[in-house]
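Listed here are the chains, written in short residue letters.
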Amino acid sequence: MAVPAIRAVVVDPAPELRDAVVTRARELGVMGWVRQQDGALLVHAEGDPDTVGALEEFLRHALGTRVQTNPVALEGHEQFAVRGVTAGVFVVQEHRATAHHFDFRLEVGGVMRSWAVPKGPSLDPAVKRLAVEVEDHALSHNTFEGRRVIVWDRGTYEQGGRVPWPEALDRGHAVFVLAGEKLRGGFALQRTAERQWLLIKRRDEAARPGSDIVAERPESVLSRRRLVQ
Ligand code: MN
């Protein structure tokens, strides 16, 4: 019986092995991902059993490596992705306009894709925050503060999910991992109607059920200033 997917752990990988695995997997048309973690290389591979087997062979013959392979459940990937690498920056700007909101921005393709989140982000996975898609902004706007704007959080992010970016955004479901000062861990943006999305914290070690990060940490991460009511 064909194994639908495998998870391989390569101990003491050569530094160039990650990129070589990506190249080989994409040549073979294998779907999944690779991640460097704690001195090992983790590989998830799925697709045609012959090509998954060919990638496994490639790992076994990589010079000076020890490989452990286990069958795992199919995850339904549509790409072979590199995990654990930064895709760009993110910023959240609190904006006291006619309607108070938080502008959540992700760097995608050289611009900041932007959503206006009236109640701001949450670290509580049970909370779904409305996020209205607004016009892209330039990266140069990321550090802007003014009388009505502060930089509420910023950092870098990793792209996740089974679909490559920016197609994931085009299809209305994007998963990503934030590394900011206030916002950390996995999040999802799920489109529910034209330009209307939900911003949802995923359940992981960075989730804080019952918390209200917007109320707990109102200060700017740049100036420590707060917006006055
Ligand atoms: Mn705004």
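Cut-off values and rules
- In this convention, every chain numbers its residues from 1, walking through the sequence in written order.
- Totals for whole chains, interfaces and linings use all residues, but because this is a predicted model, local features are given only for residues with pLDDT of at least 70 and pairs of side-chain atoms are given and counted only at 80 or more.
- Hydrogens and water are ignored here; the side-chain numbers use all heavy atoms of the structure.
- Here, a salt bridge means any Lys or Arg side-chain nitrogen found within 4 Å of an Asp or Glu carboxyl oxygen.
- Whether a residue is buried, partly exposed or exposed follows from its accessible area with a 1.4 Å probe, protein chains only, as a fraction of its type maximum: under 20%, in between, or over 50%, in that order.
- Because no water is among the atoms considered, metal sites can look incomplete, with donors defined as N, O and S atoms within 2.8 Å of the metal, or 3.2 Å for Na, K and Ca.
- Working definition of a nonpolar core: buried Ala, Val, Leu, Ile, Met, Phe, Trp, Tyr and Cys residues. They are joined through side-chain atoms within 4.5 Å.
- Secondary structure counts use DSSP, requiring at least four H or I residues in a row for a helix and at least two E residues in a row for a strand, with both numbered from the N terminus.
- Here, residues are in contact when the closest pair of their heavy atoms is within 4.5 Å.
- Ring pairs are drawn from Phe, Tyr and Trp, using the six-membered ring of Trp, whenever the two centres fall within 6.5 Å, and their geometry is named by plane angle: stacked under 30 degrees, edge-to-face over 60, tilted for the rest.
- Ring-over charges, as used throughout, are those where CZ of Arg or NZ of Lys falls within 6 Å of the ring centre and within 35 degrees of the ring normal.
- By the convention used here, strands pair only if DSSP detects at least 2 bridges between them.
- All axes are obtained by fitting lines to C-alpha atoms, using only the stretch in contact for helices, and the reported angles, taken between N-to-C directions, cover 0 to 180 degrees.

Peer 1: Any chance you could break down the pattern of salt bridges for me, citing the residues and the numbers?
Peer 2: Applying the stated criterion across every chain, the model contains 16 salt bridges. We note a salt bridge from Asp 19 to Arg 18, for which the minimum N-O separation is 3.4 Å. Taking relative accessible area as the criterion, Arg 18 reaches 22% and is therefore assigned partly exposed. Across the pair Arg 171 and Glu 167 runs a salt bridge whose closest N-O atoms are separated by 2.8 Å. For Arg 171, a relative accessible area of 45% gives the class partly exposed. For Glu 167, a relative accessible area of 35% puts it in the partly exposed group. Look at the salt bridges and you will find they share partners, linking Glu 181, Arg 217, Glu 219 and Arg 224 into a network.

Peer 1: Break down the coordination of the manganese ion for me, citing the residues and quoting the values.
Peer 2: In the first shell of the manganese ion, the protein supplies His 95 (ND1), His 101 (NE2) and Asp 103 (OD), at 2.1 to 2.3 Å from the metal. Along the chain, the residues that donate to the manganese ion are spaced as H-x5-H-x1-D. Like His 101, the residue Asp 103 is buried in the burial classification.

Peer 1: Could you give an account of the nonpolar core, with specific residues and numbers?
Peer 2: Ranked by size, the top nonpolar core spans 26 residues in total, and within it Phe 104, Leu 106, Trp 165, Phe 176, Leu 178, Leu 183 and Leu 189 carry the most contacts. If one sorts the elements of this core by residue count, strand 7 (residues 100-108) sits on top with four residues. Not counting chain neighbours up to four residues away, the residues in contact with Leu 106 comprise Val 89, Phe 90, Val 111, Met 112, Arg 113, Trp 115, Tyr 157, Trp 165, Phe 176, Leu 178 and Leu 189. Among the nonpolar cores identified, the runner-up in size contains 19 residues, and Ala 8, Leu 28, Val 30 and Leu 41 belong to it.

Peer 1: Which residues make up the packing of aromatic side chains, and what values do they have?
Peer 2: Under the defined criterion, the tally for this structure stands at nine aromatic pairs. Their ring planes at 90 degrees and their centres at 6.4 Å tell us that Tyr 157 and Phe 176 sit as a pair that is edge-to-face. Of this pair, Tyr 157 sits in strand 10 (residues 149-159) while Phe 176 sits in strand 11 (residues 173-180), and the two are 19 residues apart along the sequence. With respect to class, Tyr 157 is no different from Phe 176; both count as buried. A centroid spacing of 6.2 Å and a plane angle of 85 degrees characterise the contact between Trp 165 and Phe 176, whose relative ring orientation is edge-to-face. A residue pair is termed long-range when its members are at least 10 positions apart, and Trp 165 in the loop between strand 10 and helix 3 (167-170) and Phe 176 in strand 11 qualify at 11 residues. Just as Trp 165 is buried, Phe 176 falls in that class too. These aromatic residues form a ring-pair network of at least three members: Phe 90, Phe 104, Trp 115, Tyr 157, Trp 165, Phe 176, Phe 187 and Trp 197. Lying over the aromatic face of Phe 187, Lys 201 brings its terminal NZ or CZ to 5.0 Å of the ring centre.

Peer 1: Please set out the environment of Val 163 residue by residue, giving values where relevant.
Peer 2: Here Val 163 is to be found in the loop between strand 10 and helix 3. Val 163 gets classed as buried once you look at its relative accessible area, which sits at 13%. Every residue in contact with Val 163, bar those within four places of it in the chain, is listed here: Glu 78, Gln 79, Ala 168 and Arg 171.

Peer 1: I'd like to hear about the sheet that holds strand 10, residue by residue, with values.
Peer 2: Read around the closed barrel, eight strands run 6-7-8-9-13-12-11-10, paired in antiparallel fashion. Strand after strand, the sheet turns through a mean of 35 degrees between neighbouring axes, direction not considered. Bridging between strand 6 (residues 88-96) and strand 7 involves seven bridges; their strand directions are antiparallel. What sits directly across from Val 91, in strand 7, is Arg 105.

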